[in-house]
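Spelled out from the first residue to the last, the chains are:
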Amino acid sequence: MPERPTREQLAAAHGRTIDDVIGVGLRVLFCGINPGLYSGATGHHFARPGNRFWPALHRSGFTPRLLAPSEQAELLDFGLGITNLVARTTARADELTAEELRAGGVALTKKVARYRPGWLAVVGITAYRAAFGRPKAVVGPQEDQVSGVPVWLLPNPSGLNAHWTPATLAEEFARLRAATR
């Protein structure tokens with residue numbers, strides 16, 4: 001697969017799933033909404049150029065250097081992992097139904113119970129609100145837990161979420177990092 005998928009490869013990625021980067025007892029399990037077509041085509045989380053997840057992870061101090069999406073397995077060395085609320089790839093998160101998000105919340109609850117991370121960091125407030133029936137949830141630590149694990153909501157790092165700058169994203173990721181020590 002070339003570094004940048006072709007239009008045909010992106011179209012063929014619709015509905016695919018990608019593997020979690022996960023292990024037992026992680027410091028933080030990051031949970032995205034669902035993989036985009038770029039991620040589906042490459043098999044890597046947060047793979048679209050311009051997605052600010054990887055820079056925020058590095059700038060916040062979670063990783064000692066900026067990792068490329070193709071290096072996602074190295075997250076495990078830092079006690080970090082990635083999963084998604086909904087496994088199937090779509091062109092846009094708004095293609096997901098409320099039922100899919102709620103079912104994703106149930107599946108995520110089971111996954112968290114199995115893997116027992118120190119924190120669950122959900123990257124996408126609107127999806128969390130729908131998945132867990134918390135319409136007023138805001139960025140930051142939550143009073144609720146998932147399977148006894150504390151939850152931190154992070155803004156979506158997509159470039160489409162422009163009111164969160166790279167600097168403010170990194171600051172919020174750093175707040176989470178400080179809580180995990």
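Before any of the text, the structure's been laid out above.
Residues numbered from 1 in each chain as written. Predicted model: local features only at pLDDT ≥ 70, side-chain atom pairs only at ≥ 80, totals over all residues. Heavy atoms only, no water.

Take unusual backbone geometry next. A positive phi angle, near 50 degrees, is found at Phe 46, a position not held by glycine. Among the structural elements, Phe 46 can be located in the loop between helix H2 (37-42) and helix H3 (53-59). Note on Phe 46: relative accessible area 13%, which makes it buried. Of note, the phi angle at Arg 116 is positive, near 50 degrees, even though the residue is not glycine. As for its placement among the helices and strands, Arg 116 is situated in the loop between helix H4 (98-115) and strand S3 (119-123). (Helix = DSSP H or I, 4+ residues; strand = E, 2+ residues; numbered from the N terminus. Buried < 20%, exposed > 50% of the residue type's maximum accessible area, 1.4 Å probe, protein only.)

With that settled, consider the pairing of strand S1 (residues 28-32). In terms of burial, S1 is largely enclosed, as 5 of its 5 residues are buried. Judged from the 5 bridges that link them, S1 and strand S2 (residues 80-84) form a sheet pairing that is parallel. Looking across to S2, one finds that Leu 29 is bridged to Gly 81. Pairing of S1 with S3 involves 4 bridges; the strand directions are parallel. Opposite Leu 29, over in S3, you have Leu 120 as the bridge partner. (Pairing = 2+ DSSP bridges.)

For the coordinates displayed, the defined rule picks out 9 salt bridges. Of the charged contacts, one joins Arg 92 and Asp 94 as a salt bridge, the two residues approaching to 3.0 Å between their closest N and O atoms. (Salt bridge = Lys/Arg side-chain N within 4 Å of Asp/Glu carboxyl O.)

Attention now goes to the sheet that holds strand S4 (residues 140-146). Ordered in space as S2-S1-S3-S5-S4, the 5 strands form an open sheet in which the pairing is mixed. Both edges of this open sheet fall to S2 and S4, since each of them pairs with a single strand only. Geometrically, the sheet is characterised by an average inter-axis angle of 30 degrees between neighbouring strands, direction not taken into account. In the packing of helix H6 (residues 166-179) onto the sheet, the strands contacted are S1, S3, S4 and strand S5 (149-154), and the crossing angle to S5 comes to about 165 degrees. (Axes fitted to C-alpha atoms, helices over the stretch in contact; angles between N-to-C directions. Contact = heavy atoms within 4.5 Å.)

Further remarks concern the side chain of Arg 52. Among the secondary structure elements, Arg 52 is positioned in the loop between H2 and H3. In this structure Arg 52 is buried but unpaired, with Glu 171 as the nearest side chain of opposite charge at 12 Å. From its side chain, Arg 52 meets the backbone oxygen of Trp 164 in a polar contact 2.4 Å long. (Lys, Arg positive; Asp, Glu negative; His and termini not counted. Polar contact = N/O pair within 3.5 Å; in protein donor to acceptor, adjacent residues only side chain to side chain.)

It is worth spelling out the side chain of His 45 at this point. With respect to the helices and strands, His 45 occurs in the loop between H2 and H3. A distance of 2.8 Å separates the side chain of His 45 from the backbone oxygen of Asp 19, its partner in a polar contact. Leave out the neighbours within four places in its chain, and His 45 touches Ile 18, Asp 19, Asp 20, Val 21, Ser 39, Trp 54, Pro 69, Gln 72, Ile 82 and Asn 84.

Here we take up the nonpolar core. Counting 24 residues, the largest nonpolar core has Leu 85, Leu 101 and Leu 120 as the members making the most contacts within it. Of all the secondary structure elements, the ones that give two or more residues to this core are S1, H4, S3, helix H5 (125-132) and S5. At 5 residues, the largest contribution of residues to this core is made by H5. Ignoring anything within four residues of it in the chain, the contact list for Leu 85 reads Cys 31, Gly 32, Ile 33, Leu 101, Gly 104, Gly 105, Leu 108, Ala 127, Tyr 128, Ala 131 and Phe 132. Formed by 22 residues, the second largest nonpolar core is a distinct cluster that contains Val 21, Val 28, Leu 57 and Leu 67. (Core = buried A, V, L, I, M, F, W, Y, C linked by side-chain atoms within 4.5 Å.)

With that out of the way, let us pick up H5. Ile 125, Ala 127, Tyr 128, Ala 131 and Phe 132 are the residues of H5 that are buried. Along H5, the residues classed as buried sweep out an arc of 160 degrees about the axis, all on the same side. For H5, the elements touching its buried residues are H4, S3, S4 and S5. (Arc of directions from axis to C-beta.)

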